[in-house]
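Examination of the molecular architecture
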Amino acid sequence: MRRYTRREFVHCGLAAGAALTWSAPVLRAAGLNDTINLGFISCGGRGGELMGAFSKLAGARVAGLCDPDAERLGNARKKYPEAKGWADLRSLLDDKGIDAVVIASSNHWHCLAAIWAMQAGKDVYVEKPLSHSQWEGQQTVAAAAQYGKICQVGMQQRSDPMQAEIKRFLHDQRSLGRILSARVNRYGVRASIGKRSTPLPIPASLDYNLWLGPAQDVPIYRDNLQYDWHWVWNTGSGEMGNWGVHVLDDLRNNVFLDGVTLPKRILGGGGRVVWNDAGETPNVHFVYFDTGSIPVVIGLANITAEPNSKRGPQPPGPSSGYIAYCEDGRLEGQRGRATAFDRNGKVIKEFKGTGGMGQHQQNFLDALRRRDESILNSGALVGHHSAGWCNLANIAFRAGGAYEPAEAKRIADGSGLWNALLTEMEQLLRAHGVSPAGSAIKLSPVLEFDAAAERFIGTSADQANRYLKREYRQGFVVPEKLA
């Protein structure tokens, strides 16, 4: 694999387009055979789902498998015995028989794996969120532009035909009038990840150096290595980057038509409460986004509505979705369906979708065959901006100080959504005996953000900008200079 020299970040516009299919002559013109050989980086749960989705599509072949855990790799090879197998993704990337890679690793690996793959001449399908920190997302977009590679981000709802129907309804037909404000929800109960008194032993089947990659080698005190990496900053992005990215992407797509790349001001707070576990990311998180046009709030909670209950909090609208509040009613959207209501709450239209699985992978293959990034439904730049909302929300939490109710309410939000969300969150915390004004809850200052430069500005910039880029471990550094 070749190594890296300098190139400045270049914004590349990737227009969302409809999925297309292409004939064998087009395949030959693009320099590909009828069969596209795919290499899968990570053979865990999501990796297995993607193998299944791609293997159902004509002309796609599971040709390579890679996982630093020999046990997981072995299980995947039983299902796909003709595929080659590797522990180190660099060995997969060196194989000339692999046309494109599918990255379903932990979040902290997404950008480096994608950049290395494109430098090795491979096209890339990379799971959401694109980035673990904002700067590395910029570098990934730059790499796609510099190397002329197709890079699709796994926000599969973008390929659900229902989304085009919603956009026509809201914007072309203006069926509910002007959009005034929007709320995004992600409410889903998750269990504690435990808190060990001694570091977690690493399985003998795992090459831990390769699993860590760019992350720091620090002791792990949770009960399980896999999946629960989501809830520590070293490897994950919390629920905001796990599920929040899907619903925030729906908002950007359907409410803003991608016209707002990143917000201009952010105020956020939250805490990790109730569980007393080894997690670091908030399980109660609330954020206000000033977009310069339509105000947006997001509420996120992974705890139950009250102690000794299995039921999660019940927010307005869908528990995982968004609400567009309009002059003449509202639209509530979520994965695979949406409902429009008039001012009196009467249902006036229902939308049924597919969720996008299968169609999104087909869209990627179509773009490969055509060598046309413009038909991607979720290209690198789209994925970067949607992940950016999550990154900024997480930075607001991490850069926060003590929660002060008066400070939280000093945003001038004429929609009333922010104050309503704060009231809901305070009630949820009190139900669990947590004081909103206690040390467990944090609140950021109002953070100003220059969306063009992708830097915080103003009086609180220094405390926020330090989270835009992480420190990488030697040998696994996202390159600042691209060849």
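We now examine the overall build of the chain. When you go through the chain residue by residue, the secondary structure sums to 14 helices and 18 strands. For the chain, the spread of C-alpha atoms along the principal axes amounts to about 60 × 60 × 45 Å. Across the 483 residues that make up the chain, the buried fraction comes to 60%. Contacts spanning at least 24 positions in sequence make up 72% of the contacts within the chain whose residues lie at least 6 apart. Surface summary for the chain: the accessible area is close to 18,600 Å², and the carbon and sulfur share equals 47%. Both charge centroids of the chain, one from 56 positive and one from 48 negative side chains, sit 2 Å from each other.

With that settled, consider the state of the cysteines. Using the criterion set out here, one finds zero disulfides in the structure. Cysteine Cys-66 shares no disulfide, and the gap to the nearest cysteine sulfur, in Cys-43, comes to 7.2 Å. With relative accessibility at 2%, the residue Cys-66 sits in the buried group.

Between side chains of opposite charge, pairing is possible as soon as their charged atoms come close. Scanning all chains against the criterion turns up 21 salt bridges. Here Arg-46 makes a salt bridge to Glu-49, at a shortest N to O gap of 2.7 Å. Taken together, the positions of Arg-46 and Glu-49, both in helix H2 (residues 45-55) and three residues apart, correspond to about one turn of that helix. Take Arg-46: its relative accessible area is 23%, and that puts it in the partly exposed class.

Moving on: the confidence of the model for the chain. Here the chain averages 93 in pLDDT, and 93% of its residues register 70 or above. For the stretch residues 1-31, pLDDT sits under 50, and the model shows 79 contacts to residues farther than four places along the chain or on other chains.

The buried fraction of strand S1 (residues 36-41) is high, at six of six residues. Alternating positions in S1 separate into two faces, Ile-36, Leu-38 and Phe-40 on one and Asn-37, Gly-39 and Ile-41 on the other, with burial throughout. As judged from the six bridges shared by S1 and strand S2 (residues 60-66), these two strands associate in the parallel manner. Bridge pairing in S2 places Asn-37 opposite Arg-61. Once you follow S1 into H2 and on to S2, the crossover reads as right-handed. Pairing between S1 and strand S4 (residues 100-103): four bridges, direction parallel.

Glancing now at the nonpolar core. Nonpolar side chains in soluble globular proteins tend to be buried together. By size, the foremost hydrophobic cluster in this structure holds 84 residues, and its most contacted members are Leu-331 and Phe-456. Looking at this core, the element that brings in the most residues is helix H11 (residues 380-398), giving nine residues. Residues contacting Phe-456, with those up to four places away along its chain left out, are Ile-266, Leu-392, Ile-395, Leu-447, Glu-448, Phe-449, Ala-461, Ala-464, Asn-465 and Leu-468.

With their axes 9 Å apart at the nearest point, helix H5 (residues 110-119) and helix H6 (residues 134-147) run at an angle of 15 degrees to one another. Taken together, the axes of H5 and H6 lie roughly parallel to each other. In this structure, H5 meets H6 at a crossing whose hand is left-handed. Counting all contacts with H5, which are made through Cys-111, Ala-114, Ile-115, Met-118 and Gln-119, the residues of H6 involved are Glu-136, Gly-137, Gln-139, Thr-140, Ala-143, Ala-144 and Tyr-147. A breakdown of the residues in the contact of H5 with H6 according to their chemical character gives seven nonpolar, four polar and one charged.

So, on to H6. Given a rise of 1.5 Å per residue, 14 residues ought to cover 20 Å, and the 20 Å separating the end C-alpha atoms of H6 matches this to within 8%. Within H6, 12 of the 14 residues are buried, leaving the element largely enclosed by the surrounding structure. Turning to H6, its buried residues are Gln-134, Trp-135, Glu-136, Gly-137, Gln-138, Gln-139, Thr-140, Val-141, Ala-142, Ala-143, Ala-144 and Tyr-147. Residue Gly-148 follows H6 closely and has a positive phi angle near 65 degrees.

Right, let's talk about the pairing of strand S7 (residues 179-187) for a bit. The buried count for S7 comes to eight of nine residues, which makes it a mostly enclosed element. Pairing of S7 with strand S11 (residues 320-326), which is carried by seven bridges, proceeds in the antiparallel orientation. Considered in S11, the bridge of Ile-179 is made with Cys-326. Summarising the sheet, S7 and strand S10 (residues 296-301) pair through six bridges and their orientation is parallel. Directly across from Val-184, in S10, lies its bridge partner Ile-298.

With that settled, consider the side chain of Asn-363. Structurally, Asn-363 is set in helix H10 (residues 359-370). Residue class for Asn-363 comes out buried when judged on its relative accessible area of 0%. At a separation of 2.9 Å, a polar atom in the side chain of Asn-363 contacts the main-chain carbonyl oxygen of Ile-375. At a separation of 2.8 Å, a polar atom in the side chain of Asn-363 contacts the main-chain amide nitrogen of Asn-377.

Time to look at the packing of aromatic side chains. For the structure on display, the rule yields 18 aromatic pairs. The interplanar angle of 75 degrees and the centroid separation of 6.2 Å between the aromatic rings of Tyr-227 and Trp-231 together place this pair among those described as edge-to-face. Assessed through its relative accessible area of 40%, Tyr-227 is described here as partly exposed. When the centroid spacing of 6.2 Å and the interplanar angle of 45 degrees are considered together, the rings of Phe-256 and Trp-389 count as tilted. Within this pair, whereas Phe-256 is found in the loop between helix H9 (238-255) and strand S8 (265-271), its partner Trp-389 is found in helix H11, the two being separated by 133 residues in sequence. Judged by its relative accessible area of 8%, Phe-256 falls in the buried class. Through pairs of rings, three or more aromatic residues link up here, namely Phe-40, Phe-54, Tyr-125 and Phe-364. Its guanidinium or amino end placed over the ring of Phe-341, Arg-330 lies 4.1 Å from that ring's centre, counting from NZ or CZ. Here the guanidinium or amino end of Lys-469 rests over the ring plane of Trp-135, the centre of that ring lying 4.1 Å away.

The rules we used
- Residues numbered from 1 in each chain as written.
- Predicted model: local features only at pLDDT ≥ 70, side-chain atom pairs only at ≥ 80, totals over all residues.
- Heavy atoms only, no water.
- Helix = DSSP H or I, 4+ residues; strand = E, 2+ residues; numbered from the N terminus.
- Buried < 20%, exposed > 50% of the residue type's maximum accessible area, 1.4 Å probe, protein only.
- Contact = heavy atoms within 4.5 Å.
- Areas by Shrake-Rupley, 256 points an atom, 1.4 Å probe, with all protein chains shown as cover.
- Lys, Arg positive; Asp, Glu negative; His and termini not counted.
- Charge placed at Lys NZ, Arg CZ, Asp CG, Glu CD.
- Disulfide = S-S within 2.5 Å.
- Salt bridge = Lys/Arg side-chain N within 4 Å of Asp/Glu carboxyl O.
- pLDDT = per-residue confidence, 0-100.
- Pairing = 2+ DSSP bridges.
- Right-handed = clockwise from strand over helix to strand, strands pointing away.
- Core = buried A, V, L, I, M, F, W, Y, C linked by side-chain atoms within 4.5 Å.
- Axes fitted to C-alpha atoms, helices over the stretch in contact; angles between N-to-C directions.
- Parallel < 35°, antiparallel > 145°, perpendicular 65-115°, else oblique.
- Left-handed = near helix turned anticlockwise from the far one by under 90°.
- Nonpolar A, V, L, I, M, F, W, Y, C, P; charged D, E, K, R; others polar.
- Expected span 1.5 Å × (residues − 1).
- Polar contact = N/O pair within 3.5 Å; in protein donor to acceptor, adjacent residues only side chain to side chain.
- Phe/Tyr/Trp six-rings, centres within 6.5 Å; stacked < 30°, edge-to-face > 60°.
- Lys NZ or Arg CZ within 6 Å of the ring centre and 35° of its normal.

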